[in-house]
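# Close look at the chain arrangement
Each chain is listed here by its residues.
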Amino acid sequence: MEHTPPPELSLALTCMRVGQGWSQKKLARAMGIPRNLLSDYERGRKTVSRERLESVAAVLGLPPTLVDSTLDFIRSIRRSSSRAHGRDDPEEWRIDLIAAEAGKLTHDFVSSLFGRLSVETRAYQARQEAAESWSRLKRYDGPARRMIVEEAPEYRNWALCERICEESVKAAGDNADRAVELAELALLIAELAPGDEAWSSKLQGYAWAHVGNARRVRSDLPGAEQAFVRSRKLWQAGAGADPHLLNEARLLDLEASFRRAQTRFREALELLDRALALDKGLLKKRILLKKATVLEALGDFEEAVAALRQAAPLVEAENEPRFLFALLFNLAVNFCFLGRYREAEELLLELRTLHIRLDNGLDSVRFRWLEGRIAAGLGKREEALAALSRVREQFATRGIAYDTALASLELATVYLEEGRTAEVKIIARQMAPIFKAQGVPREALAALRLFLEAAEREAVTLDFARRLVNYLLRAQYNPELRFEYS
């Protein structure tokens, strides 16, 4: 008699239950369902949904990510079995399930799977404990945290090191000094955490990458280079230790940010592609968004749009406003670069809702800036002039010199389209504070001086202004880029 093997979700349910040492009776009671219904789920007589399987994992105390790990393992074994026998052998699967139920686990793959279940369950529990440890530790200042870690063994473990590394990445967005302090705390934990030499080396390599990232955001590029070199050596020295706990994709992702800061864009792209290949899905949206910015810096706007479209389903599924705003904003900016202003305009309504929801002043300014660019591209000059004038004022008030210069030039371009050279001269004279501000690269200042000199003579052409705008957009990624116009 021919038997049909249970579906993958049914097999995964059985594997997770048996791997945790639970009987059908115990699990059914915990889930609040009849035992015969659970049996039907496992044998494939009734369909078990993905949502139901995730709820089973929660009842068993397993992390949600283990559902995918179990399914991937089952698929790999089925492929191996098919290759070995030249055909699918459903009866062998039924025997395996019966043997598992009876406690007679005779196949290596089952033992290996249960070992993985145990490792990932312990890792999940360690991360939960690390979250609690961090909630206590974060109440103290930097020196006190270091003292606590040095004196209390319960704060010296890999999971807390990993958690504080993530806190450093979060802090990097608005406080470079705090990012450095947290990364150095994670490194201290890595140095003191128990484990053999290989594992200790790998954990320290992981922490050093975060030190490098924190130094990057503090504009200490030589120090960041030293940290990433140290990270790679330690990580490689720990090869073979811990194949599952620490995410190597994170190290590549952080180094890619560093290479981008060095304007070594091709190296950054290579690192991001390697990170995508290694990532288990946890960082994919972040990596794709970053890849899009690197492609934009290279002027490859079509590929930047492709990367953003690839990230879109991941970002939209999580419905996290910050990531969704970044996705749509960058997509609209790249549409503008490509002259696809109608497509950019279609994104404005959702972007407006998001920036209001986020209630971030700078996001509001940048959104208004985007509106001005799109209006200018669509020939709506009065709208463009109103938007860009307001944006220029707001950037100047905030002391953001580079963006003030760029908005000023875009405003001048609209005036030139209307032949209003006198207004262009006024804008040029109002740009004087930019030459005394910090943060504007030497080459960009030299290009702006050419504009001021030409504006004073009312000799600025529309072509010159447009080329200067495009130059400044590219020079923000590459400060050494020179403006060439003949």
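Our structure's up above, just so we're on the same page.
In short, a report on the structure. From a predicted model like this one, the values you see are computed outputs, not experimental measurements.

Before going further, it helps to examine unusual backbone geometry. The residue Ser219 is not glycine, and still its phi comes out positive at about 65 degrees. Assignment of secondary structure puts Ser219 in the loop between α11 (197-217) and α12 (221-237). The class of Ser219 is exposed, set by a relative accessible area of 62%. Even without being glycine, Glu458 reaches a positive phi, approximately 55 degrees. Along the polypeptide, Glu458 turns up in the loop between α24 (442-456) and α25 (462-475).

Glancing now at the side chain of Ser257. Mapped onto the fold, Ser257 is located in helix α13 (residues 248-261). The exposure class of Ser257 is buried, given its relative accessible area of 2%. The contacts of Ser257, once residues within four sequence positions are left out, are Asn213, Arg216 and Lys290.

Quick look at the environment of Leu246 now. Mapped onto the elements of the fold, Leu246 is located in the loop between α12 and α13. Separated by 88 residues in the primary sequence, Leu246 and Trp158 place their C-alpha atoms 9.0 Å from one another. Not counting residues up to four positions away in its chain, the partners in contact with Leu246 are Trp158, Glu162, Trp199, Lys202, Leu203, Tyr206 and Trp235.

Bringing the packing of aromatic side chains into the picture now. According to the stated counting rule, one finds 6 aromatic pairs in the structure shown. Centroid distance Trp369 to Phe395: 4.9 Å. Interplanar angle 75 degrees. Geometry classified as edge-to-face. Here Phe395 lies in helix α21 (residues 381-398) and Trp369 lies in helix α20 (residues 361-377), a separation of 26 residues in the sequence. An aromatic cluster is built from Phe464, Tyr471 and Phe483, whose rings are joined through pairwise contacts. The ring of Trp22 is capped by Lys26, whose NZ or CZ atom sits 4.3 Å from the centre of that ring.

This part is about the environment of Leu327. Here Leu327 lies in helix α17 (residues 321-337). Sequence separation between Leu327 and Ala312 is 15 residues; the distance between their C-alpha atoms is 7.1 Å. In this structure Leu327 touches Leu289, Leu308, Ala311, Ala312 and Val315, once residues within four positions along its chain are discounted.

Cut-offs applied
- All residue numbers refer to position in the chain's written sequence, counted from 1.
- Reporting in this predicted model follows two pLDDT cut-offs: at least 70 for local features of residues, and 80 or more for side-chain atom pairs to be given and counted; totals over whole chains, interfaces and linings ignore these cut-offs and use all residues.
- With hydrogens and water stripped out, all remaining heavy atoms of the structure feed into the side-chain values.
- Going along the chain from the N terminus, every DSSP run of H or I of four or more residues is numbered as a helix, and every run of E of two or more is numbered as a strand.
- Residue burial is assigned from relative accessible area. The probe radius is 1.4 Å, only protein chains are included, and a residue is buried under 20% of its type maximum, exposed over 50%, and partly exposed in between.
- The criterion used for residue contact is that any of the two residues' heavy atoms lie within 4.5 Å.
- We call Phe, Tyr and Trp rings a pair once their centres come within 6.5 Å, taking the six-membered ring for Trp, and we label the pair stacked below 30 degrees between planes, edge-to-face above 60, and tilted otherwise.
- Both a distance and an angle decide whether a charge sits over a ring: NZ of Lys or CZ of Arg must be within 6 Å of the ring centre and within 35 degrees of the ring normal.

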